[in-house]
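Residue-level listing of the chains:
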Amino acid sequence: MPTTTPRGRPSVTVLTAQERDVLYALGCGLEDAEIAHTLALPEHVVAGQLGCVLAKLGLRNRAAAIVHAFDCGLVVPGLGPRRQVAAPGTTVRQRTGPTPGPWLRVSVLGPLRVWLAGQPLDVGPVRQQAVLAALTLSPDRSVSRRELLDGVWGMESPGGNVVPVYVYRLRKSLRLGECPDSVIKRDRYGYGLVRGVVEVDVARVEELVTAAGTAERAGDLTEAVRLWTRALELFRGEPLAGLPGPLAELERLRLTERRIALTQRRADGQLRLGRVTEAIAGLSALALEEPLNEPVAALLMRALRRGGRRAEALTVFDRTRRRLADDLGVAPGEPLLRARGELLLGADAGAGRGRAGAA
């Protein structure tokens, strides 16, 4: 029987980014163990993702998935470490080439990093990097020249053709293999990234957070904590570190707050699971990074109390109170005062009764 997918089959847009990675790698001719190694996933996760791909796309088997990867354009002949597609049971030959996955990977959760076809790429000076970051952070729409000028240069806007020049250089370095097409498209509204060929770590974080929320609502808190941890592992330091412009500064603040909220959410889950030591370790590191953040300090105090470390919890209160007074000239707010009151009164301040900031 034929393995090709019938007309009208759902497209890969119904898949998550990780499922598309698995389908791409499968289309490139990799086996489960090779896919697991390439994508840094356990083999059982790869098998589960493949099952989801087959179910969502209505495919019968792996051979049909391979053909679908070619039919929908996800795998381009001659690109990637693919084997020649053949009927089940026939021998296929391995080719060498770039690592499978989205053609372009961009990481902004730290200094900007770019991989093209699996290889690291230098995308030029910091302003040019900031232009790419601006396009990356607006994946579903075009960004106008005016927006790029305001977001990357702000009040220092040079005018002229600086944006088209930087975009031209980026388009030239971000070509899709041997063909002249770039991952950056242009339309009447401005510039944007071509859908389906770019993966951004910020989007991956949100996918993991969504999955964690689903697991939590289903009562699987252990899985939720695991997924929050995976999301936090994608942060490599200060987001967009070193990039200039108002947009980068606003995104730094937003993404930093996102990481803080996720750390609190994970710690709350760890405490509800009785994993007090893990919660204390994560919150202690965050409290040192954010010494003026009262909700973080209050949650750390509750975690320390749960671990029988009441004196250390009071030390956290005193340290935070001094920093608030010295740096901001303010007294402790309600979160800190309530956490201290629970300590002094011996109230049951178990994390299960409260929730950290929503992620």
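Quick summary incoming for the structure in this document. Counting starts from 1 at the beginning of each chain's written sequence and moves along it residue by residue. At least 70 in pLDDT is required for a residue's local features to be given in this predicted model, at least 80 for side-chain atom pairs to be given and counted, and no such filter applies to totals for whole chains, interfaces and linings, which use all residues. Only hydrogens and water are removed before side-chain values are computed, so all heavy atoms of the structure are retained for them.

Notes on the packing of helix H6 (residues 145-152) against helix H10 (residues 246-272)
Each pair of packed helices gets described by two things: the angle between the helix axes and the distance between those axes. Here an axis means a line fitted to C-alpha atoms, over the contact stretch when the element is a helix, while the angle between two N-to-C directions is reported on a 0 to 180 degree scale. Only DSSP runs of H or I reaching four residues or more are called helices, and only runs of E reaching two or more are called strands; each is numbered from the N terminus. At a closest axis distance of 5 Å, the pairing of H6 and H10 adopts a crossing angle of 70 degrees. Between H6 and H10, the interaxial angle falls into the category roughly perpendicular. Facing H6, whose interface residues are Asp150, Gly151 and Val152, H10 presents Pro246, Leu247 and Ala248. Under the scheme applied here, ten amino acids are nonpolar (Ala, Val, Leu, Ile, Met, Phe, Trp, Tyr, Cys and Pro), four are charged (Asp, Glu, Lys and Arg), and all others, including Gly, are polar. For the contact of H6 with H10, the residue count by class is four nonpolar, one polar and one charged. Roughly parallel here means an angle under 35 degrees, roughly antiparallel means over 145, roughly perpendicular means 65 to 115, and every remaining angle is called oblique. It only takes one pair of heavy atoms within 4.5 Å for two residues to be counted as in contact.

Description of the sheet that holds strand E3 (residues 119-120)
Pairing between two strands is assigned when DSSP locates at least 2 bridges connecting them. Spatially, four strands are ordered E3-E2-E1-E6 in an open sheet, and the strand pairing comes out mixed. Lying at the two open borders of the sheet, with one neighbouring strand each, are E3 and strand E6 (198-200). Alignment of strand E2 (residues 113-116) against E3, held across two bridges, turns out to be antiparallel. Paired with tryptophan 115 across the strands is proline 120, a residue of E3.

Focus on the packing of aromatic side chains
Any two rings among Phe, Tyr and Trp, with Trp reduced to its six-membered ring, count as a pair given centres within 6.5 Å; such a pair is stacked if its planes are under 30 degrees apart, edge-to-face if over 60, and tilted if neither. For the structure shown, the criterion picks out one aromatic pair. Both rings, one in tryptophan 153 and one in tyrosine 166, keep their centres 5.8 Å apart while their planes meet at 20 degrees; by these two values the pair is stacked. A residue pair is termed long-range when its members are at least 10 positions apart, and tryptophan 153 in the loop between H6 and helix H7 (162-173) and tyrosine 166 in helix H7 qualify at 13 residues. Buried means the residue's accessible area, taken with a 1.4 Å probe over protein chains only, is under 20% of the maximum for its type, while exposed means over 50%, and partly exposed covers the values in between. Judged by relative accessible area, tryptophan 153 falls into the buried class, the value being 8%.

As for the packing of H10 against helix H11 (residues 276-289)
Their axes nearest at 8 Å, the elements H10 and H11 cross at an angle of 155 degrees. By the angle between their directions, the pair H10 and H11 is classed as roughly antiparallel. Considering only the axes of H10 and H11, their crossing is left-handed. Residues Arg259, Ile260, Thr263, Arg266, Ala267, Gln270 and Leu271 of H10 form the contact with H11, whose participating residues are Val276, Glu278, Ala279, Gly282, Leu283, Leu286 and Glu289. Split by residue class, the contact of H10 with H11 holds seven nonpolar, three polar and four charged. A clockwise turn of the near helix away from the far one marks a right-handed crossing, whereas an anticlockwise turn of less than a right angle marks a left-handed crossing.

Points about helix H2 (residues 32-39)
Buried residues of H2: Ile35, Ala36 and Leu39, and no others. End-on view of H2: buried residues confined to an arc of 100 degrees, all on one side of the axis. In the stretch just after H2, alanine 40 is the one whose phi turns positive, near 55 degrees. Arc, as used here, means the arc of the directions from the helix axis to the C-beta atoms.

Some remarks on the pairing of strand E5 (residues 190-193)
Here four bridges tie strand E4 (residues 184-187) to E5, and the two strands are oriented antiparallel to one another. Bridge pairing links lysine 185 to glycine 192 in E5. The turn linking E4 back onto E5 is made up of two residues.

Observations regarding helix H5 (residues 126-136)
Burial analysis of H5 places 10 of its 11 residues in the buried class, the great majority of the element. Within H5 the residues assigned to the buried category are Arg127, Gln128, Gln129, Ala130, Val131, Leu132, Ala133, Ala134, Leu135 and Thr136.

Notes on the environment of serine 142
Counting through the fold element by element, serine 142 comes out in the loop between H5 and H6. A residue is classified by how much of its surface remains accessible, and serine 142, at 12% relative accessible area, is buried. Serine 142 sits 51 residues away from leucine 193 along the chain, and the two C-alpha atoms are 7.9 Å apart. Sequence-distant contacts of serine 142, defined by excluding residues within four places in its chain, comprise Glu147, Lys185, Asp187, Tyr189, Gly190 and Tyr191. A polar contact is formed between the side chain of serine 142 and the side chain of lysine 185, at a distance of 3.4 Å. Identification of polar contacts relies on pairs of N or O atoms within 3.5 Å, with a donor-acceptor requirement for protein atoms, meaning one able to donate a hydrogen and the other able to accept it, and with residues adjacent in sequence counted only if both atoms are side-chain atoms. In terms of polar contacts, serine 142 uses its side chain to reach the side chain of aspartate 187, at 2.7 Å.

These figures come from the coordinates and say nothing about function on their own.
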